[in-house]
Amino acid sequence: PAVAADFGDPKDVKQVRSVVAAKFGHALHASVSHNWALCTAYSGDNSVSVVLRRTASVWKIVAHDGGAYAKENLEALGIPQADIPPLLKAYQ
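Residues numbered from 1 in each chain as written. Predicted model: local features only at pLDDT ≥ 70, side-chain atom pairs only at ≥ 80, totals over all residues. Heavy atoms only, no water.

## Brief notes about the nonpolar core
Our working rule: We call a set of buried Ala, Val, Leu, Ile, Met, Phe, Trp, Tyr and Cys residues a nonpolar core when their side-chain atoms join them within 4.5 Å. In this scheme, a residue with accessible area under 20% of its type's maximum is buried, one over 50% is exposed, and one in between is partly exposed, where area comes from a 1.4 Å probe on protein chains only. Helix numbering and strand numbering both begin at the N terminus, where a helix is a DSSP run of H or I of at least 4 residues and a strand a DSSP run of E of at least 2. Working rule for contacts: check all heavy atoms of both residues, and any pair within 4.5 Å makes them a contact.
Within the largest apolar cluster, 14 residues are counted, with the highest numbers of intra-cluster contacts made by V16, V20, C39 and L52. When contributions to this core are tallied by element, the ones reaching two or more residues are α1 (10-24), β1 (26-33), β2 (36-43) and β3 (46-55). By residue number, the principal contributor to this core is α1, which donates 4 residues. Contacts of C39, omitting those with residues within four sequence positions, involve V16, V20, A27, H29, A30, V48, S49, V50 and L52. Formed by 10 residues, the second largest nonpolar core is a distinct cluster that contains L38, A63, Y69 and L87.

Take a look at the structure:
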């Protein structure tokens, strides 16, 4: 299987990975679209999907789950339709 790659502005990706790594130990890959980000992390032996939102210039974790997020999950969190396809690139 293909390995997912980071997607989005490299500066934003770096900030997102840093926030996720600080909480979960190791950030694998991240997708960023405008003020939203989706990142996969490893915490112990478990994979965690993390959703972040930028407020002002600070990225904050708004949700995390042991599984992969689907379009419906992201919509429920209030993420704009236009941002969902770029965010899901973290899983492709």
